[in-house]
Amino acid sequence: MTLALMAIALTANAQEKKTVEVPQWVSNMKVSGYGMLQYQAQDQEGAETNTFNLRLLRFMVDGKIGDFDWRAQIQGTNVKGPGEPTVQLVDLYAEWVKYKEFRVKAGQFKRAFTFENPTNPITQGWYSYANVINALSGFGDRTGEKSSGGRDIGIQIQGDLFPNANGRRLLHYQVGVYNGEGINSKDADNKKDIIGGLWVMPIDGLRIGAFGWTGTKGAMATTYSFYNPETESIEKVSTTIKSARKNRYALSAEYDKNEYTFRAEYLHNQGYGSNLDLGDKADGWYAFGIVPVIKSKLHAKARYQCYRSNKEWNKAKTMYEIGANYYFSKKLQLNFEYARVNDRSLAKHNYNFADLELDFRF
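For the structure given in this document, a descriptive report is provided here.

Thresholds applied
Residues numbered from 1 in each chain as written. Predicted model: local features only at pLDDT ≥ 70, side-chain atom pairs only at ≥ 80, totals over all residues. Heavy atoms only, no water. Pairing = 2+ DSSP bridges. Helix = DSSP H or I, 4+ residues; strand = E, 2+ residues; numbered from the N terminus. Buried < 20%, exposed > 50% of the residue type's maximum accessible area, 1.4 Å probe, protein only.

1. Overview of the pairing of strand β3 (residues 68-77)
- As defined by bridge partners, strand β2 (residues 49-65) adjoins β3 across ten bridges and the pair is classed as antiparallel. Bridge assignment links V61 to a residue of β3, and that residue is A72.
- In this structure, the hairpin formed by β2 and β3 is closed by a connection of two residues, where G66 is found at a positive phi of approximately 60°.

Next comes the structure, spelled out in structure tokens:
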């Protein structure tokens, strides 16, 4: 009898369903990421390449706690070369999003500068951001700042105002205060960068805006050349500028709707970079179009871009690019482009460049 009662008790206990409550903030978490595999070739004289490359791998976690959205993102790249990968934290921020008219973001995130900077590499559509974006928007910056993917540490306010009859907002603003040193870096001179942007959206898909940036790069390592009469030769000297001034602006326009994307931007810089021989000015521009040939399957693209590292034509690098993006599915795509390059800083100005990428999401 005792054994029978014990058997009944154990059976009843096993049949009990245990419920474990998962906190809402855990339920709101989403894990995602993507990888970008690359092949590149160019016939630049003295710098020929023909190589496969791991462009980058990213893991991100997005979540929501009450009125706050948050993100943590880690990136792995091969930027130092084969066998020397770089793994770093690229995003870590929280944003109060209760009101569309006024949101506050704090942490490490994209700078509030240009339309192209905030775009994701896998959706940006090209082998790389435009050269002027890379040089003047905090990627491989002109100041010698380490590659920061257009990010910095700081706090930003932004919002969308004036909804029309359909609820679509007509004006966006954003202003941020940052260390000015790029990702994962404290302020080196205790002076902050201030960046702001404003754009209007008069019709669905179109936005026209302007951006401004003022600040400094602390402890900027620099070089400059001088003629040494004793050796009768040009010599280079290395030095450090405690606070290198950055004054920049951008003018931007974009139309993005129904898989048609057109964007053009002009950027201007005043302030010395890590190579003092280039002077204190630089500028550049780009314009591109991406259009569907087969909807959701095949896109054709063309881009024209120019970057002048000293705001003179003798240092201008111009690229004329064409290509296509093919989508096997929403999570797998193949991108190709060819470019004819004219780099006036080289003895032989013209060369050819090609890029092929296989990108996937998870």
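2. What to know about the pairing of strand β13 (residues 298-308)
- Taken together, the eleven bridges between strand β12 (residues 281-294) and β13 define a ladder with antiparallel strand orientation. Directly across from G284, in β13, lies its bridge partner Y307.
- Linkage of β12 to β13, two consecutive antiparallel strands, is achieved through a turn of three residues, within which S296 is found at a positive phi near 65°.
- Of the pairings in the sheet, the one linking β13 to strand β14 (residues 316-329) comprises eleven bridges and is antiparallel in character. Each residue of the ladder has a partner; that of Y304, found in β14, is Y320.

3. Looking at unusual backbone geometry
- Located in the positive-phi region is E232, a residue other than glycine, with phi close to 55°.
- Along the chain, E232 falls in the loop between β9 (206-228) and β10 (233-257).
- On the basis of relative accessible area, E232 is assigned to the exposed category, the value being 62%.
- Even without a glycine there, the phi angle at S296 is positive, about 65°.
- As for its placement among the helices and strands, S296 is situated in the loop between β12 and β13.

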